[in-house]
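The residues making up each chain are set out below.
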Amino acid sequence: GAKAEVSGPMVGATMGLLAFLMAFTFNAAAGRHEARRTLVMDEANAVERLWLRANFLVEPYRSATRDLIRQYVDLRVKAISGQIDVAEAVRQSTALQARLWTQAVEISGRKDAIAVSMNLYVQALNDVFDLQAKRVTVGLRSRIAPSIWLALMLLLAGGMIMVGVQVGQSGVRNRAIELALALSFSIVFFTIVDLDRPLEGLIDVSQQATLDLQQKILAR
């Protein structure tokens, strides 16, 4: 039968398309990784603001609110250390948020509540709510589309096959270059996979801001 032949321009076009798609996908995954890192800092700052503004609440709500915020931070730390499943941590955090909101509604109905202090507190509380929603969306739900993964895998497999056929046609082999080419594309591919799965891979987002916040709260 006829042998398959692959020309240099065909290989170059395929590998160029593969490199372009990998660069696009890597950029998207790296962008979400950076967004997750920023959101950790933003959430820690928002919770700290909430903790500080809780000082302006009337008793007994001040102590009760600070206790709920402390539980909220402790829950985050448990999720970081793997003591609790992330999905369960989100569920319990949402329940704590509901309790904090109920308390805020009760406090706002009191005659001795200070309007300016309550406005600042409610604003900080809404910021905490919004940032958890953003962290769940960016960290747990935003993923590279399956169609992009399929295109990447098909192009990667097809490109490597075409390179192999072309090398076979030329009759000249350089195993070191062939291995370097395969490793280069494989490393980039698995780096993209790692960036796209923050809870499973080797590349992780530092949670030090949350740990520092817990220490600040314990010290006060």
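Counting restarts for each chain: residues are numbered from 1 in the order of the written sequence. This being a predicted model, a pLDDT of at least 70 is required before a residue's local features are given, and a value of 80 or more before pairs of side-chain atoms are given or counted; all residues contribute to the totals for chains, interfaces and linings. Computation of side-chain values: all heavy atoms of the structure, hydrogens and water removed.

Draft legend 1. Representation of the overall build of the protein within the structure. Secondary structure elements follow DSSP: runs of H or I of four or more residues count as helices, runs of E of two or more count as strands, with numbering from the N terminus. The number of helices and strands found in the protein is seven helices and zero strands. In the protein, the order of α-helices and β-strands from amino to carboxyl end is α-α-α-α-α-α-α. Taking 2.2 N^0.38 as the reference for a compact globule, 220 residues should give roughly 17 Å; the C-alpha atoms of the protein span a radius of gyration of 26 Å, well beyond that estimate. Overall, the C-alpha framework of the protein stretches about 90 × 30 × 25 Å when taken along its three principal axes. For every residue, the accessible area obtained with a 1.4 Å probe (protein chains only) is divided by the maximum for its type, and the residue is called buried under 20%, exposed over 50%, and partly exposed between those limits. Expressed as a percentage of its 220 residues, the buried residues of the protein come to 35%. Here, two residues are considered to be in contact whenever any of their heavy atoms come within 4.5 Å of each other. Long-range pairs, those at least 24 residues apart, make up 82% of the contacts in the protein between residues at least 6 apart in sequence. In this description, accessible areas are obtained by the Shrake-Rupley approach with a 1.4 Å probe, and a residue is regarded as covered only by the protein chains that are shown. Of the roughly 12600 Å² of accessible surface on the protein, a fraction of 62% belongs to carbon and sulfur atoms. In the protein, 24 positive and 20 negative side-chain charges are present, and the distance between their average locations comes to 1 Å. What the globule rule says is 2.2 Å times the number of residues to the power 0.38, and the radius of gyration is computed from C-alpha atoms. Charge convention: Lys and Arg are scored as positive, Asp and Glu as negative, and His as well as the terminal groups of each chain are ignored. To locate a charge, the coordinates of NZ of Lys, CZ of Arg, CG of Asp or CD of Glu are taken.

Draft legend 2. Representation of the packing of aromatic side chains in the model. Between the rings of Phe, Tyr and Trp (Trp by its six-membered ring), a pair exists once the centres lie within 6.5 Å; its type follows the angle of the planes, with under 30 degrees stacked, over 60 edge-to-face, and the other angles tilted. Evaluated as defined, the whole model comprises three aromatic pairs. Centroid distance W101 to F129: 6.3 Å. Interplanar angle 55 degrees. Geometry classified as tilted. With W101 in helix α3 (residues 86-108) and F129 in helix α4 (residues 115-141), the pair connects residues that are 28 residues apart, well separated along the chain. Overall, W101 belongs to the partly exposed group, its relative accessible area being 36%.

Draft legend 3. Up close: a nonpolar patch on the surface. The patches described consist of residues with a relative accessible area above 30% and no salt bridge, like charges being joined within 9 Å and nonpolar side chains (Val, Leu, Ile, Met, Phe, Trp, Tyr) within 5 Å. By salt bridge we mean one thing: a side-chain nitrogen of Lys or Arg within 4 Å of a carboxyl oxygen of Asp or Glu. A contiguous nonpolar patch, built from I114, V116 and L120 and spanning about 270 Å² of accessible area, is present on the exposed surface. Mapped onto the fold, I114 is located in the loop between α3 and α4.

Draft legend 4. Up close: α4. Here α4 spans 38 Å end to end across 27 residues, near enough to the 39 Å set by a 1.5 Å rise per residue. Taken together, the buried positions of α4 are S117, M118, Y121, A124, L125, V128, F129, L131, Q132, V136, V138 and G139. By this rule the span expected of a helix is its residue count minus one, scaled by 1.5 Å.

Draft legend 5. Highlighting the environment of V193. Along the chain, V193 falls in helix α6 (residues 175-196). On the accessibility criterion, V193 (24% relative accessible area) is partly exposed.

Draft legend 6. Structural view of the pattern of salt bridges. Evaluation of the coordinates by the stated rule reveals ten salt bridges. For D196, the salt bridge is made with R32, and the minimal N-O distance between the two is 3.8 Å. Taken together, the residues D196 in helix α6 and R32 in helix α1 (residues 8-53) connect sequence positions 164 residues apart. When its relative accessible area of 2% is taken as the criterion, D196 is described as buried. A salt bridge links R62 to E59, with the shortest nitrogen-to-oxygen separation between them at 3.5 Å.

Draft legend 7. Quick peek at the environment of E59. The topology assignment puts E59 in the loop between α1 and α2 (61-81). Given the relative accessible area of 38%, E59 is considered partly exposed. C-alpha of E59 to C-alpha of E34: the two residues are 25 residues apart in sequence and 40 Å apart in space. Within polar-contact distance, the side chain of E59 engages the side chain of R62 at 3.5 Å. Throughout this description, a polar contact denotes any pair of N or O atoms lying within 3.5 Å of each other; where both atoms belong to protein, one of them has to be capable of donating a hydrogen while the other can accept it, and for residues adjacent in sequence the pair is counted only when both atoms sit in side chains. Engagement of the side chain of E59 in a polar contact is seen with the side chain of S63, the distance being 2.9 Å.

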